[in-house]
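Working through the structure, step by step
Listed here are the chains, written in short residue letters.
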Amino acid sequence: MNFLLTASGLRNETLRDALRDMLGKPFGSANIVFVPTASVAEPGDHGWFVADMNRLHGLGWREFDVLELNGLPRQTVLDRLLHADVIYVEGGSHYHLARSITGNGLADGFLEALENRVYVGVSAGSMIFSRHLTGHSADVIGDTADLHALGATAVEPPFGLFDWYLKPHLYSPDFPERDDAWADRIAARADFPIYFIDDETAVRVRDGKVDVVSEGRWRFHP
């Protein structure tokens, strides 16, 4: 399985080159499926969503599909995932995204699709693979209100592949509270490893090996 877990998408050439290397062929020879599910649970202006989708589309894919995980037959969703070379899952609410996967019975089929494809996550799309995506981590991170806003008090990790947690948008102007002091407070409370990454960074997982590709800044707390 190959993962490029970003905070804000393919924002720079280093991240785009990392994806090209993982894909093993030009973007113009590949199919991509864009999953917007997490974004629909976020209120307010979605200019960030439009900008990222336009940036991604502008890379010149052979086929650019858009796939919502809710409301379609399960097999239709899985067939569309299997048709793609790259599965790109947009940001928004990681809790809504996780519940959409588990609630629609997609986890096993999703993992099967990932065996021979490259997965690119954006923010929420990068957070759903941790086994620590739970009500406890929500309390540690300080986003329990986001979980409660969906009418839930708990969340089940849909995959549980990684023993570390990823928290995006460190130093982001869109999240001005996410500075070093913010990361220090979370790291002091956490009983699990955390990557904090900025908007120019990704955690890359290739064949079980984890490293970081970046034109920005990041922190890891084991």
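This text follows the structure it describes.
The structure contained in this document is the topic of the report that follows.

The rules behind the values
- Residues numbered from 1 in each chain as written.
- Predicted model: local features only at pLDDT ≥ 70, side-chain atom pairs only at ≥ 80, totals over all residues.
- Heavy atoms only, no water.
- Helix = DSSP H or I, 4+ residues; strand = E, 2+ residues; numbered from the N terminus.
- Buried < 20%, exposed > 50% of the residue type's maximum accessible area, 1.4 Å probe, protein only.
- Lys, Arg positive; Asp, Glu negative; His and termini not counted.
- Salt bridge = Lys/Arg side-chain N within 4 Å of Asp/Glu carboxyl O.
- Core = buried A, V, L, I, M, F, W, Y, C linked by side-chain atoms within 4.5 Å.
- Contact = heavy atoms within 4.5 Å.
- Pairing = 2+ DSSP bridges.

**A closer look at the side chain of Glu-90**
Mapped onto the elements of the fold, Glu-90 is located in the loop between β4 (86–89) and α4 (94–103). For the buried Glu-90, which has no salt bridge, the nearest side chain bearing the opposite charge is Arg-55, at an N-O separation of 7.0 Å.

**Details of the nonpolar core**
Leu-69, Leu-81, Ile-87, Phe-110 and Tyr-119 are the most contacted members of the largest nonpolar core, which totals 53 residues. With five residues, the top contributor of residues to this core is helix α5 (residues 107–114). Among residues more than four places away in sequence, those in contact with Leu-69 are Val-35, Thr-37, Val-77, Leu-97, Ile-101, Asn-104, Leu-106 and Phe-110. Membership of the second largest hydrophobic core comes to 21 residues, among which are Leu-4, Leu-10, Ala-30 and Trp-61.

**Focus: the pairing of strand β8 (residues 201–206)**
Of all six residues in β8, five are buried, a share of seventy percent or more. Relative to β8, strand β1 (residues 2–6) is paired through five bridges, and the arrangement is antiparallel. Note that in β8 the partner of Thr-6 across the bridge is Ala-202. The pairing of β8 with strand β9 (residues 209–214) spans six bridges and is antiparallel. Within β9, the residue paired with Arg-206 across the bridge is Lys-209. From the end of β8 to the start of β9, which pair antiparallel, there are two residues, and Asp-207 there has a positive phi angle of about 50°.

**Let's talk about the pattern of salt bridges**
A side chain with one charge may pair with a side chain of the opposite charge, provided their charged atoms come close. Under the counting rule described, the total for this entry stands at 14 salt bridges. Between Arg-20 and Asp-17 there is a salt bridge whose closest N-O contact spans 2.7 Å. Of this pair, Arg-20 and Asp-17 both sit in helix α1 (residues 13–23), three residues apart, which is roughly one turn of the helix.

Honestly, it's all geometry; don't read function into it.
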